[in-house]
Structure formats: C-alpha cells, structure tokens
Amino acid sequence: MTRSTQNLTNISLQFKSNWGWFIAIGILLIIFGIFALTYQFFATVFSIYFIGFLLVIAGLALSVHSFRIKGFGQTTLWAIMGVLYIIAGIATFIQPILASTAITLVIAFLFTANGVIQIIGAFTNRHLPYWGWWLFSGIMTLLLGVIILFGWPGNSLWILGMFLGIDLVFQGWTYVVLGIGLKTSQN
C-alpha cells in the first residue's frame, strides 16, 4: 500500500469514526438556519456586524503590514487601505441598515450580471450535453437578481438573513446526510 493510499485510508477511518459529530453539527446548523429564516432581520444585522468585524480585522492587519513595507509609496498605500477597511468596518457597526442596503444592492447587481453571463455561456456552448441546465441556472440567477433589485431597498432588511438561513439549512442537511452515509458505510 502506498503512503498516499494509506493516508487516505486513515482519513476515511477518522471520518467514519466521527459520523455522529457530522450529524450533530448538521442538526445544529439546521437549527441556526431555521432561526435565521424565522428572524431574518436579526440574522441580517448579525451578518452585517460579522462583515464589519472582518473588515476591522482586515484593516488592522493591513495597517500593521504597512509598517513592514519599506518605501514611502508602498507604506502609505497599504496604510491607507488599512484605514479605509477599518472605517468601512466601523461604519457597518454604526449604520448596519445602510450597510445591508448597500450590500443587498451589490448582490442584486452581481446576480443579475451573473445570470446574463450564464445565459450567454449556455447559448454559446449548446454543443455540451445538458447545456439546458446551465441555461436554467442562468435564468434562475437572473430572475433572483431582478427580484432583489425591484424589491430594493425594502428587502435589504431581510434578504441577507434569508440567504444566511438558507445556506445554514443546506449546509446542515449536507452534514446530516454525510454523517448518515459514514455510519452506514461502517458495516
């Protein structure tokens, strides 16, 4: 048995022996997802605060890094980027509703543009098998972007929370199914 095959076998055994943790984490994620879907406004605000926290941390890291770079132009640029990240992060804490409004608008434009690009990609690749699924995905993404765009700014209070909730439910379900699969494959 080669070393990489042995490593894969060891990893597989570790996964199988921890099947219960996969199910437990999955159930927890599903519960959090249902909570986020039930209380979408609070989940949106939580998401904004989390993004703000990440921006402040990134800004601090960039600012500290700027002093390690020699040369005025480089140090100044990195320091300015760090300060801008910190300001953006603090702004999300001070104005979470405004931040969610801006992020929702960006998401609407991204979905709309992504949908159009997928549709174009599907039509230009009609020779591929099942290209219709690519087209369907593009149409759905475009429709979602347009729906978000036409509901903006009112939907900014709940759309991010809904996305978070849906993501948590799907991740949780994936973990549960994976844990069940690992449990049944032990036999």
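These numbers come from a predicted model, not from an experiment. (Residues numbered from 1 in each chain as written. Predicted model: local features only at pLDDT ≥ 70, side-chain atom pairs only at ≥ 80, totals over all residues. Heavy atoms only, no water.)

1. Focus: the overall build of the chain
Here's step 1: Of the regular secondary structure elements, the chain holds seven helices and zero strands.
Here's step 2: The N-to-C order of helical and strand elements in the chain reads α-α-α-α-α-α-α.
Here's step 3: Taken over C-alpha atoms, the radius of gyration comes to 22 Å for the chain, far larger than the 16 Å a tight globule of 187 residues would show.
Here's step 4: Seen along its three principal axes, the alpha-carbon backbone of the chain occupies a region of about 60 × 45 × 40 Å. (Helix = DSSP H or I, 4+ residues; strand = E, 2+ residues; numbered from the N terminus. Rg over C-alpha atoms; globule rule 2.2 N^0.38 Å.)

2. Overview of the domain arrangement of the chain
Here's step 1: Along its sequence, the chain is organised into domain 1 (28-94) and domain 2 (96-186).
Here's step 2: Computed over C-alpha atoms, the centres of domain 1 and domain 2 are 23 Å apart.
Here's step 3: If you look at the interface, domain 1 gives 20 residues, while domain 2 gives 22 residues.
Here's step 4: One can count zero salt bridges joining domain 1 with domain 2.
Here's step 5: The interface formed by domain 1 and domain 2 contains two residue pairs in polar contact (both at pLDDT 80 or more).
Here's step 6: Contributing elements (two or more residues each) for the side of domain 1 that touches domain 2: α2 (19-38), α3 (40-66) and α4 (72-94).
Here's step 7: In terms of residues, the side of domain 1 that touches domain 2 owes the most to one element, α3, which gives 10 residues.
Here's step 8: For the side of domain 1 that touches domain 2, the class distribution of residues is 15 nonpolar, five polar and no charged. (Domains from an automatic or database assignment. Contact = heavy atoms within 4.5 Å. Salt bridge = Lys/Arg side-chain N within 4 Å of Asp/Glu carboxyl O. Polar contact = N/O pair within 3.5 Å; in protein donor to acceptor, adjacent residues only side chain to side chain. Nonpolar A, V, L, I, M, F, W, Y, C, P; charged D, E, K, R; others polar.)

3. Focus: the UniProt feature "transmembrane region" (unreviewed entry) in the chain
Here's step 1: As recorded in UniProt, the feature "transmembrane region" (unreviewed entry) lies at residues 21-42, 48-65, 77-97, 103-123, 130-152 and 158-182.
Here's step 2: Across residues 103-123, helical content stands at 100% and strand content at 0%; the span's end C-alpha atoms are separated by 30 Å.
Here's step 3: Helix makes up 91% of residues 130-152 and strand 0%, and the two end C-alpha atoms of the span are 34 Å apart. (UniProt positions renumbered as here; feature names shortened; annotations may be inferred.)

4. A few points about the packing of α2 against helix α7 (residues 159-184)
Here's step 1: At their nearest, the axes of α2 and α7 sit 7 Å apart, and the two run at 160° to each other. With respect to α7, the axis of α2 lies roughly antiparallel. Handedness of the crossing formed by α2 with α7: left-handed.
Here's step 2: Of the residues in the contact of α2 with α7, the class split is 21 nonpolar, seven polar and one charged. (Axes fitted to C-alpha atoms, helices over the stretch in contact; angles between N-to-C directions. Parallel < 35°, antiparallel > 145°, perpendicular 65-115°, else oblique. Left-handed = near helix turned anticlockwise from the far one by under 90°.)

5. Considering the packing of aromatic side chains
Here's step 1: Within this structure, the stated rule accounts for eight aromatic pairs.
Here's step 2: Seen from their ring centres, F22 and Y175 are 6.0 Å apart, and the 25° between their planes marks the pair as stacked. Of the two residues, F22 is situated in helix α2 and Y175 in helix α7; the sequence distance between them amounts to 153 residues.
Here's step 3: Exposure remark for Y175: the relative accessible area of 30% places this residue in the partly exposed category. (Phe/Tyr/Trp six-rings, centres within 6.5 Å; stacked < 30°, edge-to-face > 60°. Buried < 20%, exposed > 50% of the residue type's maximum accessible area, 1.4 Å probe, protein only.)

6. Structural notes on the nonpolar core
Here's step 1: By size, the foremost hydrophobic cluster in this structure holds eight residues: I48, A99, I107, A108, I148, I159, L160 and M162.
Here's step 2: Sequence-distant contacts of A99, defined by excluding residues within four places in its chain, comprise I48 and T92. (Core = buried A, V, L, I, M, F, W, Y, C linked by side-chain atoms within 4.5 Å.)

7. Regarding the packing of α3 against α7
Here's step 1: Across the interface, α3 lies against α7 with an axial gap of 7 Å and an inter-helix angle of 90°. For the element pair α3 / α7, the angle class is roughly perpendicular. Contacts between α3 and α7 involve Q40, A43, T44, F46, S47 and I48 from the former and I159, L160, G161, M162 and L164 from the latter.
Here's step 2: Split by residue class, the contact of α3 with α7 holds seven nonpolar, four polar and no charged.

8. So, α7
Count 3.6 residues to each turn of an α-helix, and residues three or four apart come out pointing the same way.
Here's step 1: Taking 1.5 Å of rise per residue, 26 residues should cover 38 Å, and α7 covers 38 Å from first to last C-alpha, within 8% of that figure.
Here's step 2: Of all the residues in α7, the buried ones are I159, L160, G161, M162, G165, L168, G172, V176, G179 and L182. (Expected span 1.5 Å × (residues − 1).)

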